[in-house]
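A structural walkthrough
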Amino acid sequence: MTATALSLLNSVFGYPAFRGQQAEVIAHCVGGGDALMLSPTGSGKSLCYQLPAMLRDGVGVVVSPLIALMQDQVAALAELGIKAAFLNSTLSASEAGAVERQVRNGELDLLYVAPERLLTERCLQLLASAKLALFAIDEAHCVSQWGHDFRPEYIQLSVLHERFPDVPRIALTATADRLTRAEIIARLQLEQARVFVSSIDRPNIRYRVVEKGNARKQLLGFIRAEHEGAAGIVYCLSRKKVEETAEFLRDEGIAAYAYHAGMSAEARAKHQRRFQREDGVVIVATIAFGMGIDKPDVRFVAHLDLPKSIEGYYQETGRAGRDGQPADAWLAYGLQDVVQLRRMIDQSDGGEEYRKVQVSKLDAMLGLCEASDCRRVRMLAYFGEASTPCGNCDTCLTPPQTMDGTIPMQQLLSCIVRTGQRFGAVHVMDVLTGHDTDKVLHWRHHDLRTFGIGKDRSVPEWRAIIRQGIALGLLVVDHDAYGALKLTPAARAVLKGEQRVPLREYHKAEKATRTTRRASSDELVAGDDVALFERLREWRKRAAADHGVPAYVIFHDASLKEIARRRPETLAALREVPGVGERKLEAYGREIIALVE
Ligand code: ADP
Ligand code: ZN
């Protein structure tokens, strides 16, 4: 009997069914067709070349720039009983020689190769001497000269098509914009390839924006309440803040490590490795931490500073929950973020046009933060995808109350006008709330009619109104004038009472977070299950250490949770748990049954 893709999915990977477009892509590739697959992180792209490589004659060659991960990827395949190896600069000559022999003898199903290695004449000749099942070009967006992951070697990968015209190729990426897509097709000569595009939505990620107070404390509260002991990434804007935040979390007993471009390469590699391989490590990073993270069980991505664009935010938060399990994207933001990012743009070297684009990206990000409607709908719309309210973001779960904010907005705008549009938010708020600071007295702003007209609202509340004013396009922060708030032409209609302004009802930051709190192991109902889950995790840690692989390579959290819930007492029952394939059943089945008992 010949194996089918579905039977291999079940027996080797232990999964009952294909997801999304997997079945179609796999059938196409098994049939020898070229493919370009654009599909979000965590959607299961790897299977789309792994299964065809196993089903077709010969070895499947996977080109990937992520050298640091190859060893783990190959180890994960070995755990499943798949014959795989890698070739990159981390191997000694004799180790590489052994792999080359395996390739020549047709002993491998999958070979992972770094692009620069693949392009050597030695490697091309090696491949010419072997039977090839397919080429998989992973992270295919690396051919794009406009993207930030550009790799010059990727452009030369067109040589594969020229040297091996009969070997099917599948290019894969999570970057789905049209420009990148066109570039991949042109540069890799994939004009004949069938293109598979899926929705970029990541339904298991819950998006949440909280108002920034003491951000580090808020972050700690969030981790304690919802993600104690889980792996997560915390993004900060500056290296200094990265260092401070990591230290703060460590002082609180959380295994947190810094990662930024100012650190030595070894220190960075060490922290990344910890994160990748150990359970429950939190990485605090600048955006330099990105490509090369292939950890499926990242449970949260937190931002302590406002990202510069929705593109960046979506990419960064997308590193959470690749295993499809519930994950959180948590962002704390405040007025100061807006001011700071605007200053960075205004002071940047880029030309006028460049700055305009950056400003509009920031405005979109701000609009997302200030939204009262579904955040996911907004983000997908930004990328050109229509959708309906998701039920899994903060604004869907606890819809903010809106109020008629015309009067406070008018008070704010007129206060800005009366003080000459020359002052920043702090001073404007002092005047509004009737604080006679030295600066107020110096400028005689206590004589203004707007002095104290807003004293029935707190400073944080005014800050929220200012942010919404910026997001609504009524106000701008002008850095040529030291961060002064200025009115836009759109503000006139509001001041004249011709346009009403809906604003969010103000809630204190702590209150807002408490209402959306969620237990980290909420799918596990009884206390016993949680205890068993923890025991299973302990067991997995030991097994991973024994085998020298990351914990998730042994079993994903999802599988352990399912075991804790079902409490299988026989191997047959254990085999029914998703993620338990034949090889793992054989290797670990008895130990797990013993634990359950
Ligand atoms: P991508 O490369 O698209 O980011 P991966 O290939 O790493 O995603 O897959 C993400 C996770 O989903 C992996 O843990 C994988 O085992 C799991 N997965 C993939 N396909 C299936 C499936 N059909 N059923 C269940 N889990 C799957
Ligand atoms: Zn929503």
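To be clear, the structure that these remarks concern was listed above.
Residues numbered from 1 in each chain as written. Chains lettered and ligands numbered in written order. Predicted model: local features only at pLDDT ≥ 70, side-chain atom pairs only at ≥ 80, totals over all residues. Heavy atoms only, no water.

1. Some thoughts on the overall build of the protein
Looking only at helices and strands, the protein has 29 helices and 17 strands in total. Relative to its length of 597 residues, the protein is compact, with a C-alpha radius of gyration of 27 Å against a globular reference of 25 Å. Looking at the protein residue by residue over its 597 residues, the buried ones come to 53%. Entry remark: accessible area of the protein is about 26500 Å², with carbon and sulfur atoms responsible for 50%. (Helix = DSSP H or I, 4+ residues; strand = E, 2+ residues; numbered from the N terminus. Rg over C-alpha atoms; globule rule 2.2 N^0.38 Å. Buried < 20%, exposed > 50% of the residue type's maximum accessible area, 1.4 Å probe, protein only. Areas by Shrake-Rupley, 256 points an atom, 1.4 Å probe, with all protein chains shown as cover.)

2. Overview of the side chain of Asp-430
Mapped onto the elements, Asp-430 comes out in helix 20 (residues 425-432). Nearest to the buried, unbridged Asp-430 among oppositely charged side chains is Lys-439, at 7.5 Å. Those residues within four positions of Asp-430 in sequence are excluded, and the remaining contacts are His-435, Thr-437, Val-440 and Phe-451. (Lys, Arg positive; Asp, Glu negative; His and termini not counted. Salt bridge = Lys/Arg side-chain N within 4 Å of Asp/Glu carboxyl O. Contact = heavy atoms within 4.5 Å.)

3. Thoughts on the coordination of the zinc ion (ligand 2)
Those protein atoms acting as donors to the zinc ion (ligand 2) are Cys-374 (SG), Cys-390 (SG), Cys-393 (SG) and Cys-396 (SG), and they sit at 2.3 to 2.4 Å. Taken together, the four donor atoms coordinating the zinc ion (ligand 2) and their angles of 102 to 120° define a geometry best described as tetrahedral. In primary sequence terms, the donor set of the zinc ion (ligand 2) follows C-x15-C-x2-C-x2-C. With Cys-374 in the loop between helix 16 (352-370) and helix 17 (375-382) and Cys-390 in the loop between helix 17 and helix 18 (394-397), the pair connects residues that are 16 residues apart, well separated along the chain. Taking the relative accessible area as the measure of exposure, Cys-374 reaches 6% and is therefore buried. The class for Cys-390 is partly exposed, based on a relative accessible area of 26%. (Donors = N, O, S within 2.8 Å, 3.2 Å for Na, K, Ca; no water. Tetrahedral: all angles 85-135°; square planar, octahedral: opposite > 155°, others 65-115°.)

4. Brief notes about unusual backbone geometry
Although it is not a glycine, Glu-139 adopts a positive phi angle of roughly 50°. The phi angle at Gln-421 is positive, at roughly 55°, despite the residue not being glycine. Checked against the element boundaries, Gln-421 lands in the loop between helix 19 (406-418) and helix 20.

5. Examining the site of ligand 1
The full set close to ligand 1 counts 15 residues, and Tyr-15, Gly-42, Ser-46, Arg-322 and His-556 are the nearest of them. A distance of 3.4 Å separates an oxygen atom of ligand 1 from a polar side-chain atom of His-556. Burial of ligand 1 by the protein chains amounts to 85% of its free accessible area of 570 Å². Tallied by class, the residues present in the shell around ligand 1 amount to five nonpolar, seven polar and three charged. (Near = heavy atom within 4 Å. Polar contact = N/O pair within 3.5 Å; in protein donor to acceptor, adjacent residues only side chain to side chain. Nonpolar A, V, L, I, M, F, W, Y, C, P; charged D, E, K, R; others polar.)

6. Some remarks on the packing of helix 20 against helix 22 (residues 459-471)
Between helix 20 and helix 22, the least distance of the axes is 10 Å, while the angle of their chain directions is 125°. On the basis of the axis angle, helix 20 is oblique to helix 22. Where helix 20 crosses over helix 22, the handedness of that crossing is right-handed. In contact with Ala-425, Met-429 and Leu-432 of helix 20, helix 22 contributes Val-459, Trp-462, Arg-463 and Ile-466. Considered class by class, the residues forming the contact of helix 20 with helix 22 number six nonpolar, no polar and one charged. (Axes fitted to C-alpha atoms, helices over the stretch in contact; angles between N-to-C directions. Parallel < 35°, antiparallel > 145°, perpendicular 65-115°, else oblique. Left-handed = near helix turned anticlockwise from the far one by under 90°.)

7. Let's talk about the nonpolar core
With 71 residues, the main nonpolar core has Leu-111 and Ile-170 as its most contacted residues. Beyond its immediate sequence surroundings of up to four residues, Ile-170 is in contact with Val-25, Cys-29, Ala-35, Cys-48, Tyr-49, Leu-134, Phe-135, Ala-136 and Ile-137. Counting residues in each nonpolar core, the second largest holds 67 residues, with Tyr-257, Tyr-259, Ile-293 and Cys-415 among its members. (Core = buried A, V, L, I, M, F, W, Y, C linked by side-chain atoms within 4.5 Å.)

8. A word on the pairing of strand 1 (residues 35-38)
Neither face of strand 1 is left uncovered, since the one carrying Ala-35 and Met-37 and the one carrying Leu-36 and Leu-38 both have all their residues buried. In this sheet, strand 7 (residues 194-197) lies alongside strand 1 in parallel orientation, the contact comprising four bridges. Across the sheet, Ala-35 pairs through a bridge with Arg-194, a residue of strand 7. The pairing of strand 1 with strand 6 (residues 169-173) spans four bridges and is classified as parallel. Bridge assignment links Leu-38 to a residue of strand 6, and that residue is Thr-173. (Pairing = 2+ DSSP bridges.)

9. A look at the pairing of strand 6
The element strand 6 is extensively covered by neighbouring structure, given that five of its five residues are classed as buried. The two faces of strand 6 match: Arg-169, Ala-171 and Thr-173 on one face and Ile-170 and Leu-172 on the other face are all buried. As judged from the three bridges shared by strand 5 (residues 132-137) and strand 6, these two strands associate in the parallel manner. By the bridge assignment for strand 6, Ala-136 is matched with Ile-170.

10. What to know about the packing of aromatic side chains
Enumeration over the complete set of coordinates arrives at ten aromatic pairs. Both rings, one in Tyr-314 and one in Phe-383, keep their centres 5.3 Å apart while their planes meet at 55°; by these two values the pair is tilted. Pair noted here: Tyr-314 is in helix 14 (residues 310-317) and Phe-383 is in the loop between helix 17 and helix 18, with a separation of 69 residues, a long-range link. Since its relative accessible area comes to 12%, Tyr-314 is described here as buried. One Lys or Arg, Arg-216, reaches over the ring of Phe-248 and ends 4.8 Å from the middle of that ring. In this structure, Lys-295 is placed above the aromatic ring of Phe-275, and the distance from its NZ or CZ to the ring centre is 5.6 Å. (Phe/Tyr/Trp six-rings, centres within 6.5 Å; stacked < 30°, edge-to-face > 60°. Lys NZ or Arg CZ within 6 Å of the ring centre and 35° of its normal.)

11. Section: the sheet that holds strand 12 (residues 298-303)
Across the sheet, which stays open at both edges, the six strands sit in the order 8-13-12-9-11-10 with parallel pairing between neighbours. Pairing within the sheet leaves two strands with one partner each, and these edge strands are strand 8 (205-211) and strand 10 (256-259). With direction set aside, neighbouring strand axes in the sheet form an average angle of 15°. As judged from the five bridges shared by strand 9 (residues 231-235) and strand 12, these two strands associate in the parallel manner. Bridge pairing links Ile-233 to Val-301 in strand 12. Most of the contacts of helix 11 (residues 215-226) go to strand 13 (residues 327-333), to which it runs at about 165°, and overall it touches strand 8, strand 9, strand 12 and strand 13.

That's the geometry; what it means functionally is another story.
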